[in-house]
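The chain contents come next:
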Amino acid sequence: MKRDWIRSYRQHGLKLLMIPVLVIILLLFGFNQYVGDYLTHRQETAELTLKIDRMRATSALLKEDERKKAKLMLNFSEIQSRSYRSPSPADSLDQMQAQLSTLLQTLYFENIKVTKLELKQENYVMALALNAQFSGVPQQLPRLEAALESDAKAMRINAVEVKVSDGSVGGGSQLEINARFVAMHLKPDEAKIRKP
Amino acid sequence: MRLNFNPFIREQHIVVFLGDLNLHVAQLYRGLFEWKVIRDVELALSDSSQDLSDVENRLVNATSTWNIPNKTFVSWILSPDIIGVVNIPTQSKLDITRLFPFDSKDIKSSEIHKEFMDNQTIFWSHRDWINEFEKISQQLGWVCAELFSRAQLFQLALPKKLRKYNALLEGSILEPYLHIYSATGSVLRTTKCSREHRNDINRIIKIEIDSLRGTVESEVNDLSLYTPNSSFTEHQQSQLDFKVEALPSISMNNLIANLLRSNSEGIEIRSTYDSIIKRINALTLVVAVIGIGLLGGMVWHDERLKQDLELSRSQMRKETPIFLTAQSLRLEVLNMSKALDIKQEIVREPSSFKPLADVLSVLNPPATLLFYAQSGDSLKISGIHGDATHIKSLLEKNSHFYNIVITSPPELKKERNGEFSLDFIWRSSGISSPKDITQEVGK
C-alpha cells in the first residue's frame, strides 16, 4: 500500500489530494456559515418550549388556586387585619417597637427597654420579634395581657422571665420582667386580596 | 447514471513465490489499512524449474476454487537467475545502461531515480522473462503487476541494527541463495550458490564483498551473516569463517504480506495505484454527499426552527395574560398559606401569663415565688419559704404540670430559708384565670 502511495505521489504529486481538500474546505466553509445561527435557534427553541411548558403548568393551577384561596380566605382575613403591613419587615418592626413602648408606658410600667431582634431574612410574609425589659408590680401583668388581647395588632408574648427585684415579701413586690413579643408582618402588595 | 462501487469492493492481490522445487501461492485482500493473507498453498514442482508450463498448470489447479476476480493483480517473487540486481553508487555519473549485460531495450528495470542521494539498487529482468510471466498471468485471468527479487522478500526479516555488509543465506542446503544487504537494508548482491560451490561459500562471500569495496582484502570484518533456516546454522557453521546468526522464524505468508505492505519496489509491469486514486475520489464523493446532506439537513431544520420559534412566540404572547393572573394568584395563595403557617407556629406556644397563673394557683403561703421563666412549654420557678418536695407533690396533683424535676436553686436572696427550684412542662388542659397572678406573685 505504501508503495502505491509513493508511486501515485511520484506520478501526480499533491494534485491527488487537491479535490478532497477542496471539498473539505467548501464543506467547512458551509458549516461555518450556518452552524452558529442553527445552534442559537436550537437553544432558543428549547428555552422557549420550556418557558411555555412552565407557563402552562402554572396556568393549569388557576382553578385549583382559586379554590384554595377561597378556603384560606376566612382565616387569612383575620391575620391580615391584625398584622403589621409595611413595604419592608424592618418598617413593621419599627412600628411594633413604637407601639409596644407606648403600650407599656400607658400601663405605667417602668424602666422600659424594647430591643429589636435581628431580621435574618426579609420575606413578604414573616414573623416579627421584639425583646422587652420592664419593671412593674404583679397587678400590672393582667392588665398587660388584657391590653394585648384587645390590641388591633395580634401581638403576643411567647417567652417570659419574671424576677422579684427587692427583698421585701408582700403584695408590693417589684417585678423585673423580660419578655419576647411576637407579631406578623405582611407586605401590602403581596397581601392584596382579590375576590376568588 | 451508473455508480461505480468498485473502490469499496474488497480488493485482492495474488503473490506467487517461485522457488527451485516449490511454488508458494498466496491470495491477499486489502483491509482497511493493510494487506492480509486469506488463502495460501505450497505446491511442489518437477525438477525442471525452468518449465513454466508446469507452473501455470499447477496454479490453475490450485486456485480454481479461490474465487479470484478476473484481472486481479499478481506479483511474482523470482530467483536471481530471472531478476538481477545492479547497485549504483551515490550520484554516480556512470552511464547506467552500460551496467546491464543486455541492450536497454531488451530489459525492463525498476524505477531509476536520477536525483537519489543514497546508493541505488536497481532490479532488472530480460523482456523475454517478463513476457513469459505476463503470458502465464494472462492465461490464469490475472494481470501481472510487479516482479520482485527473492532478496526483497527476506529484506524485511533482517534486524534493525545492521553492519556495513549483511549476508543472508536461505533456501535449500544443497543450493542456497546468498543475498548481501547494505547497512540501510538495500539489496547489494543476490546470487545462487550452485552445487559445485556450495562448500565454498566463504570464498563467494569474500569475492562479493571485495567487488563491492573495489579492493581485495584478506579479511572480512564488517559483515554479519544471517539465516532464517536453522539447519544452516548447524550444518554450515563449522565450514564458515563467519558467525551465523539465526533470524526469528517468520512464515512465508508473513514475509509475503510484509513485502506487499512495504515500500520496497520491484519491476513494475502495470501500475496498481489507480485503485488508490479511485478510492480517494470515491471517498471524496462519499464525504461530499454526506457533508452536503448534513448541511442541507441543517439548513432545512434551521428553517423549521425559525417557524417553530415564531409560533412559540405567538403562543407565548397569547397565553401571557392568563399566566400572569395564575402566577399572581399562585403567589398570593402561597403567601396566604405561609401566613397561616406562621400564625400557627406563633400560637402553638402558650401565652406566657396562663402558665404563671396556674403555677401561682398551686403555691400556698408561706411559699414565695421569686423567679419565673417560661419558654414554650418549659417552665422554671424558684422561690423561698417552701419545701421543694412538698411543692413538687402539689404540682403533680395538678393536671397542667408534668415532668417535674427539683433542681438546684439559684442565688436569689441572702437568706436561705426554704429555698426551692423546679423545672417542669406546662400543658393547657386546664384554664386558670389571669387575675390570680396579682394575688400570688411576690407573696
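Residues numbered from 1 in each chain as written. Chains lettered and ligands numbered in written order. Predicted model: local features only at pLDDT ≥ 70, side-chain atom pairs only at ≥ 80, totals over all residues. Heavy atoms only, no water.

Engineer: Looking at this model, I keep getting lost on the interface of chain A and chain B. Mind explaining?
Structural biologist: Interface extent is often summarised as the accessible area lost during association of the parts. Chain A puts 80 residues into the contact, and the matching count from chain B is 88 residues. For the pairing of chain A and chain B, the buried interface totals around 7,700 Å² over both sides, and the portion due to carbon and sulfur atoms is 67%. Looking at the side of chain A facing chain B, the largest losses of area belong to Met1, Arg3 and Arg7 of chain A, adding up to 11% of the total buried there. The salt bridge partner of arginine 30 of chain B is aspartate 4 of chain A, with a shortest N-O separation of 3.7 Å. (Contact = heavy atoms within 4.5 Å. Buried area = accessible area lost by both parts, 1.4 Å probe. Salt bridge = Lys/Arg side-chain N within 4 Å of Asp/Glu carboxyl O.)

Engineer: Would you mind going over unusual backbone geometry with me for this structure?
Structural biologist: Most peptide bonds are trans, and most residues other than glycine sit at a negative phi. Phi at asparagine 111 of chain A is positive, roughly 50°, even though this residue is not glycine. For asparagine 111 of chain A, the location among the structural elements is in strand 2 (residues 110-116). Residues other than glycine seldom take positive phi values, yet asparagine 403 of chain B does so here, at roughly 55°. Looking at the element boundaries, asparagine 403 of chain B is found in strand 17 (residues 401-406). Taking relative accessible area as the criterion, asparagine 403 of chain B reaches 54% and is therefore assigned exposed. (Helix = DSSP H or I, 4+ residues; strand = E, 2+ residues; numbered from the N terminus. Buried < 20%, exposed > 50% of the residue type's maximum accessible area, 1.4 Å probe, protein only.)

Engineer: Teacher, can you tell me more about the side chain of arginine 7 of chain A here?
Structural biologist: Along the chain, arginine 7 of chain A falls in helix 1 (residues 2-12). A residue is classified by how much of its surface remains accessible, and arginine 7 of chain A, at 4% relative accessible area, is buried. Ignoring any residue separated from it by four or fewer positions in sequence, one finds arginine 7 of chain A in contact with Glu146, Glu265, Gly266, Glu268 and Tyr273 of chain B.

Engineer: Help me understand the nonpolar core in this model?
Structural biologist: Soluble, globular proteins show a tendency: their nonpolar side chains are buried together. Formed by 53 residues in total, the largest nonpolar core has its most connected members in Val16, Leu18, Leu23, Leu59, Trp76, Phe133 and Leu147 of chain B. Among all residues touching leucine 147 of chain B, those that are not within four sequence positions of it are Trp76, Leu78, Ile83, Ile130, Phe133, Gly266, Ile267 and Ile269 of chain B. Residues Val114 and Leu130 of chain A together with Ala367 and Ile384 of chain B belong to the second largest nonpolar core, which totals 50 residues. (Core = buried A, V, L, I, M, F, W, Y, C linked by side-chain atoms within 4.5 Å.)

Engineer: When you look at a nonpolar patch on the surface in this model, what are you seeing that I'm missing?
Structural biologist: Residues and elements named next belong to chain A. A cluster of nonpolar side chains, Trp5, Tyr9, Leu14, Leu17, Val21 and Ile25, forms an exposed patch at the surface whose accessible area comes to about 630 Å². Every element with two or more residues in the nonpolar patch is listed here: helix 1 and helix 2 (18-60). You can see leucine 14 is positioned in the loop between helix 1 and helix 2. (Patch = residues over 30% accessible without salt bridge, like charges linked within 9 Å, V, L, I, M, F, W, Y side chains within 5 Å. Areas by Shrake-Rupley, 256 points an atom, 1.4 Å probe, with all protein chains shown as cover.)

Engineer: What's the story with the layout of surface pockets in this structure? I'm lost.
Structural biologist: Sizing a probe to match a water molecule and rolling it over the atoms shows the empty space that remains. One number sums up the size of the largest pocket: a volume of about 760 Å³. Along the wall of the largest pocket there are 26 residues; nearest its centre are Gln155, Gly185, Ser186, Asn263 and Ser264 of chain B. Among the elements of the structure, helix 1 of chain A together with strand 7 (120-126) and helix 3 (150-155) of chain B are those that each provide at least two residues to the lining of the largest pocket. (1 Å grid on protein atoms, 1.4 Å probe; cavity = no way out; pocket = protein on both sides within 12 Å on 5 of 7 lines; lining within 4 Å. Points joined across faces, edges and corners; volume = space filled by probe spheres on them.)

Engineer: Explanation requested: empty space enclosed by the protein in the structure shown.
Structural biologist: Going through the model one piece at a time under the given rule, you end up with 2 cavities of 30 Å³ or more. Estimates place the volume of the largest cavity at around 110 Å³. The wall of the largest cavity is formed by 14 residues, among which Arg3 and Asp4 of chain A together with His13, Trp35 and Thr272 of chain B lie closest to the centre. Of all the secondary structure elements, the ones that give two or more residues to the lining of the largest cavity are helix 1 of chain A together with strand 1 (12-18), strand 4 (72-78) and strand 8 (142-149) of chain B. Along the lines of polarity and charge, the residues of the lining of the largest cavity split into 5 nonpolar, 4 polar and 5 charged. (Nonpolar A, V, L, I, M, F, W, Y, C, P; charged D, E, K, R; others polar.)

Engineer: Explain the pairing of strand 15 (residues 368-375) of chain B here, please?
Structural biologist: Sheet faces and side chains relate simply in a regular strand, where the side chains alternate between the two faces. Strand 15 of chain B sits mainly inside the fold: 7 of its 8 residues count as buried. Pairing of strand 4 (residues 156-164) of chain A with strand 15 of chain B involves 5 bridges; the strand directions are antiparallel. Across the sheet, residue valine 162 of chain A finds its bridge partner in strand 15 of chain B, namely tyrosine 372 of chain B. Across 7 bridges, the pairing between strand 15 of chain B and strand 16 (residues 378-384) of chain B is antiparallel. Residue pairing for strand 16 of chain B: tyrosine 372 of chain B is matched across the bridge by isoleucine 381 of chain B. (Pairing = 2+ DSSP bridges.)

Engineer: How do you make sense of the packing of aromatic side chains when you look at a structure like this?
Structural biologist: The description of two aromatic rings rests on the distance between their centres and on the angle between their planes. All names here are of chain B. Enumeration over the complete set of coordinates arrives at 6 aromatic pairs over all chains. With 5.9 Å between their ring centres and 65° between their planes, phenylalanine 100 and tryptophan 124 make a pair best called edge-to-face. A residue pair is termed long-range when its members are at least 10 positions apart, and phenylalanine 100 in the loop between strand 5 (84-88) and strand 6 (107-109) and tryptophan 124 in strand 7 qualify at 24 residues. The exposure classification of phenylalanine 100 matches that of tryptophan 124, with both residues buried. On the numbers, 6.2 Å between centres and 25° between planes, the contact of tryptophan 129 with phenylalanine 133 is stacked. Highlighted residues: tryptophan 129 and phenylalanine 133, both in helix 2 (residues 127-139), separated by 4 residues, approximately one helical turn. Judged by relative accessible area, tryptophan 129 falls into the partly exposed class, the value being 22%. One aromatic cluster is present, formed by Trp76, Trp129 and Phe133 through successive ring pairs. (Phe/Tyr/Trp six-rings, centres within 6.5 Å; stacked < 30°, edge-to-face > 60°.)

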